[in-house]
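Residue-level structural notes
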Amino acid sequence: MRRLRNIKIVATLGPSSTGYDMIRALFRNGADVFRLNMSHGTHEEIATRHANIRKVEEDTGRPIAILADLQGPKLRVGVFKNGSEDLSDGQMFRLDLDKAEGDKTRVCLPHKEIFEALEPGTTVLVNDGKIRLRVTECGSDFADCEVIAGGEISNRKGVNVPDVVLPLAALSEKDKKDLEFVAELGVDWIALSFVQRKEDMLEARELVKGRAAVLAKIEKPAAVKSFEEILEVSDGIMVARGDLGVELPVQNVPPIQKRLIRKCRAVAKPVIVATQMLESMIDSPMPTRAEVSDVANAIYEGADAVMLSAESAAGRFPIEAVQTMHNVAIEVESDPTYRAVIGASRGAEKMTVADGIVSAAREIAETADIKAIACFSQSGTTVGLVARERPSVPIIAMAATIHTARRLCLTWGAHCVKTDEMGRFKEAVVRAVRAATQEGFATKEDDIVVTAGVPFNVPGTTNILRVAPCDERKIYSAEPE
C-alpha cells in the first residue's frame, strides 16, 4: 500500500483510538506514525496500544513507526482553599514554598529551582499564559509579583517562565522510568519535552543507548536560541507550538516554524509540525478554513510530518481528522506552486560524495523519464539525504533492518521496504526494481534510479548511482556486477 503524498501524518493514540480496529482504520486512512503520549495512560495501556500497532503492521505488511512522547517536567501551582481565586490587574500576589492552601494573596509554587532562577522583572505565566505576573521582589523561597493580566487562578494550573533558562532537568524521575519502559517495549522514536539545551538531549541519548531515535521538542524560548546545538545532537525535531505560543508572543511562532523547518531540512533530519493543527475536529467532523490553511502552510514549508494530538486521541472524529490531513496533503502536493516553492528552497551545500550522489539522483530522475529513486540505507542517513532534495518522483527506502524501515516512516516521501542484507550491487539493483514493480511505482518498461554504498551494510558509504531498467533480463545481461 503506497501513499500518494510525501508528507507524513502522525496520529496520537488515546481513549478514542486504543483498539486494533480503530488503529488499523487510522493507518489505512493515512496515519504513518502513531504517537504514544506518556502524559496520559498507564504502562499497561501504552503496552496494549503498542501491541495493537505491531499487529496492524504484521497484518498489512507495511512498516509503521511508533513515537513515545515523554511528559517532561510539569510546573504547577498548588491548591487553593476555595478551589480558585480571581486576580485583578495591578494587585500583588505571592508565589512561595509554603504548602498551606492558597488564597487571593498567595499560593504555593512547589519548585525551589524556579525561585533560584527568578529575578525582578521576570515574567511568570499561569494557565497557558492567561494570567501574567511580573516579579517585583524575590528570594530563595518566595516571589512577590504584580498582576499584569488577571483572571481566575485555580488548583494545579501550569506555570511557564519564558524569560530564563530554568535549572531543571528535562528528564524527571517519571520520564526516566517511562523512557526505559518504552525503549524496552520497542518504540522507534522517543520525544523529549521541554528541551532547553543540548545537554538535555545528550542525557536522553545516553539513557536510550541506541534503542530508538531521539527527537527534541522545541517549545521553550531557550531551545529556539540554542537550536543549532540541539539539532546537532538530535535525530529529529518537533516544533511543539503549544507551549512555544505561550512563552513567546504568538506572532513570533510562524516565522520560527519556518526557520526551524529549513534548518532541519538543511541537515537532512525529519521535522514534525505539531499542536492544534485541526483542533476544532475534536468535536466537529469539519475543520475550520484557518486550520486547513495551517496544515497546508506546513506542507508548503517542507515539513516532514504534521501531527494530530487530541483530534485523534480523544476527539469524536479521529478517522475524519486523518482523512482531512491526507486530503489537504494530496491537494497541496499536486499544486504547481508547491513544486516551485520546494525547488526554490533547495540550497544545501554539497560537501560529501553522498551529497553529490543524491543530488545527481534527483536531477537525473527529474530530467529523464524515471519513475522512482530507490536507495539502500543501513542507518537511514542516505534516505534522509535523498528526502532533503525533495524529488518530484517517489523515494523507495530499502532498509536491511525492520528498525531502520520503521524509523524512516517519519521521513518525507520515504516508502519503506524491508529487504535482506546483500553483498553485490547487481543483487541490490534487482531487489530495487522488484520493489518498484511490486509496490506499484513502475512497470517492466520503466527505469528507476538506484543508489547504494559499497561495501554494503556499512553506514555512511553511499557511493554508487545507477539508472536501472525494471526488466530484470536487461539487468542480468548488463554490466557491472
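The present account deals with the structure reproduced in this document. (Residues numbered from 1 in each chain as written. Predicted model: local features only at pLDDT ≥ 70, side-chain atom pairs only at ≥ 80, totals over all residues. Heavy atoms only, no water.)

For the rest of this paragraph, the subject is the environment of D294. Locating D294 in the fold gives a position in helix α10 (residues 289-300). On a C-alpha basis, the gap between D294 and Q276 in space is 9.4 Å, while along the polypeptide they are 18 residues apart. Leaving out residues up to four positions away in the same chain, D294 has contacts with R241, Q276 and M277. Reaching out from D294, the side chain makes a polar contact with the side chain of R241 at a distance of 2.8 Å. (Helix = DSSP H or I, 4+ residues; strand = E, 2+ residues; numbered from the N terminus. Contact = heavy atoms within 4.5 Å. Polar contact = N/O pair within 3.5 Å; in protein donor to acceptor, adjacent residues only side chain to side chain.)

Now for helix α14 (residues 353-367). One turn of an α-helix holds 3.6 residues; hence residues three or four places apart share an orientation. With 15 residues, α14 should reach 21 Å at 1.5 Å per residue; the first-to-last C-alpha distance of 21 Å fits that figure. Taken together, the buried positions of α14 are A354, D355, I357, V358, S359, A361, R362 and A365. Its buried side turned inward, α14 meets β17 (370-377), α15 (381-388), β20 (447-453) and β21 (462-469). (Expected span 1.5 Å × (residues − 1). Buried < 20%, exposed > 50% of the residue type's maximum accessible area, 1.4 Å probe, protein only.)

Before going further, it helps to spend a moment on the nonpolar core. Counting residues in each nonpolar core, the largest one holds 105 residues, and the members touching the most others are F34, I190, I218 and I272. Among the elements that line this core, the one with the most residues is helix α12 (residues 318-333), at six residues. Residue contacts for I190: discarding those within four places in its chain leaves L67, A68, L70, L179, V182, A183, V208, A212, A213, V214 and L215. With 26 residues, the next largest nonpolar core counts F93, I114, F115 and V159 among its residues. (Core = buried A, V, L, I, M, F, W, Y, C linked by side-chain atoms within 4.5 Å.)

Here we come to the pattern of salt bridges. Applying the stated criterion to the full structure yields 35 salt bridges. One salt bridge in this structure joins R35 and D69, with 2.9 Å as the shortest N-O distance. Of this pair, R35 sits in strand β2 (residues 33-37) while D69 sits in strand β3 (residues 65-69), and the two are 34 residues apart along the sequence. On the basis of relative accessibility, which here comes to 7%, the residue R35 falls in the buried class. Residue D69 is classed as buried on the basis of its relative accessible area, which comes to 0%. Residue R346 is joined to E389 by a salt bridge in which the shortest nitrogen-to-oxygen separation is 3.9 Å. In this pair, R346 is assigned in the loop between α13 (336-344) and α14 and E389 in the loop between α15 and β18 (395-399), connecting sequence segments 43 residues apart. Given a relative accessible area of 22%, R346 falls into the partly exposed group. Salt bridges linked by common partners bring R339, R346, R362, E363, E366 and E389 together as one network. (Salt bridge = Lys/Arg side-chain N within 4 Å of Asp/Glu carboxyl O.)

In short, geometric facts, not functional conclusions.
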